Amino acid sequence: MVSQPDDQSSVSSKSKPSSPFHAKKVPAISLLSYLQRFGQFSGCSDSCFIISLILIDRVAEADSDFELDALNVHRIALLSLVAAAKYQDDVYLKNKGYAEIGGVKTEDLNRLEKEFLLNSLNFKLYVEESVFKKYQKYCEDYFSKKLNQKSY
């Protein structure tokens, strides 16, 4: 579930539950631009984007309090993409490179990656082929509809 804070620049800790993945303020870059940036500079395979969605869904299924919002969605996207790239691709960057792409400090990425893999995913990264194909089809259908809506 995705929620938007009333004030896009910051949210008080009293108004939102906080997790290690929450930023202090909403990033200036849109999520779409952030994902495009990751794809452009990381060299990760297209499969990583599908796997990252699966990983995010796993976290949500395992934790009923998990909620994507404007303060954590960029970091969750980054962490799920990094995990997917390291698991799926033969060639991937060091965390310093991912941190630069994601706009976070390397030390923060290291800490958040450990939290994400250990406590959020319990290191469950394997994706059954049938699950992958289901998510892939969903994405293809979704984007096909979006492209057709823009065609005149």
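Note that the structure is a prediction, hence the values are computed from the model and not measured.

(A) Region of interest: the pattern of salt bridges. Under the counting rule described, the total for this entry stands at four salt bridges. Ionic pairing is found between glutamate 113 and lysine 86, a salt bridge with its closest N-O pair at 2.8 Å. Placement of the pair is glutamate 113 in helix α5 (residues 106-120) and lysine 86 in helix α3 (residues 73-88), with a sequence separation of 27 residues. Take glutamate 113: its relative accessible area is 13%, and that puts it in the buried class. Lysine 86 gets classed as partly exposed once you look at its relative accessible area, which sits at 26%.

(B) Fine view of the side chain of serine 80. Position of serine 80 among the secondary structure elements: in helix α3. Accessibility expressed as a relative area gives 0% for serine 80, which makes it buried. Setting aside residues up to four positions removed in sequence, serine 80 forms contacts with Ser52, Leu55, Ile56 and Phe116.

(C) Broad picture of the environment of lysine 133. Relative to the helices and strands, lysine 133 resides in helix α6 (residues 129-150). Taking the C-alpha atoms as reference, lysine 133 lies 9.1 Å from isoleucine 50; in sequence the two are 83 residues apart.

(D) Representation of unusual backbone geometry in the model. Despite not being glycine, asparagine 122 has its phi angle at roughly 55°, a positive value. As for its position among the elements, asparagine 122 is in the loop between α5 and α6. Residue phenylalanine 123 is not a glycine yet carries a positive backbone phi of 60°. Within the secondary structure, phenylalanine 123 is located in the loop between α5 and α6.

(E) Geometry of the packing of α3 against α5. Packing of α3 against α5 brings their axes to within 10 Å, and their N-to-C directions diverge by 75°. Classed by the angle they form, the pair α3 and α5 counts as roughly perpendicular. For the pair α3 and α5, contact is made by Arg75, Ile76, Leu78, Leu79, Ser80, Val82, Ala83 and Lys86 and by Leu109, Leu112, Glu113, Phe116 and Leu117, respectively. Residues of the contact of α3 with α5, tallied by class, amount to nine nonpolar, one polar and three charged.

(F) Quick peek at the packing of aromatic side chains. The full count for this structure, using the stated rule, is five aromatic pairs. Seen from their ring centres, phenylalanine 38 and phenylalanine 49 are 6.5 Å apart, and the 85° between their planes marks the pair as edge-to-face. Of this pair, phenylalanine 38 sits in helix α1 (residues 31-42) while phenylalanine 49 sits in helix α2 (residues 46-62); the two residues are 11 residues apart in sequence, bridging distant segments of the chain.

(G) Spatial organisation of the side chain of histidine 22. Position of histidine 22 relative to the elements: it lies in the loop between β1 (2-3) and α1. Within polar-contact distance, the side chain of histidine 22 engages the side chain of serine 19 at 2.9 Å. In this structure the side chain of histidine 22 is engaged in a polar contact, spanning 2.9 Å, whose partner is the side chain of aspartate 69.

Procedures and definitions
- The residue numbers shown here count from 1 along each chain, following its written sequence.
- This being a predicted model, a pLDDT of at least 70 is required before a residue's local features are given, and a value of 80 or more before pairs of side-chain atoms are given or counted; all residues contribute to the totals for chains, interfaces and linings.
- Remark: hydrogens and water are excluded; side-chain values derive from all non-hydrogen atoms of the structure.
- Salt bridges are identified by distance alone: a Lys or Arg side-chain nitrogen within 4 Å of an Asp or Glu carboxyl oxygen.
- In DSSP terms, a helix is any run of H or I states spanning at least four residues, a strand is any run of E spanning at least two, and both are numbered starting from the N terminus.
- With a 1.4 Å probe rolled over the protein chains alone, any residue whose accessible area is under 20% of its type maximum counts as buried; one over 50% counts as exposed, and the rest are partly exposed.
- Only heavy atoms matter for contacts: two residues are in contact if any of them lie within 4.5 Å across the pair.
- To get an axis, a line is fitted to the C-alpha atoms, and for a helix only the part in contact is used. The angle between two axes follows their N-to-C directions and goes from 0 to 180 degrees.
- In this scheme, roughly parallel covers angles under 35 degrees and roughly antiparallel covers those over 145, while 65 to 115 is roughly perpendicular and the rest are oblique.
- Any residue that is not Ala, Val, Leu, Ile, Met, Phe, Trp, Tyr, Cys, Pro, Asp, Glu, Lys or Arg is counted as polar, Gly included; the first ten are nonpolar and the last four charged.
- Ring pairs shown here join Phe, Tyr and Trp side chains whose ring centres sit within 6.5 Å, with only the six-membered ring taken for Trp; geometry is labelled stacked below 30 degrees between planes, edge-to-face above 60, and tilted in between.
- A 3.5 Å cut-off defines polar contacts: any pair of N or O atoms within that distance qualifies, except that in protein one atom must be a possible hydrogen donor and the other a possible acceptor, and neighbouring residues in sequence count only when both atoms are side-chain atoms.

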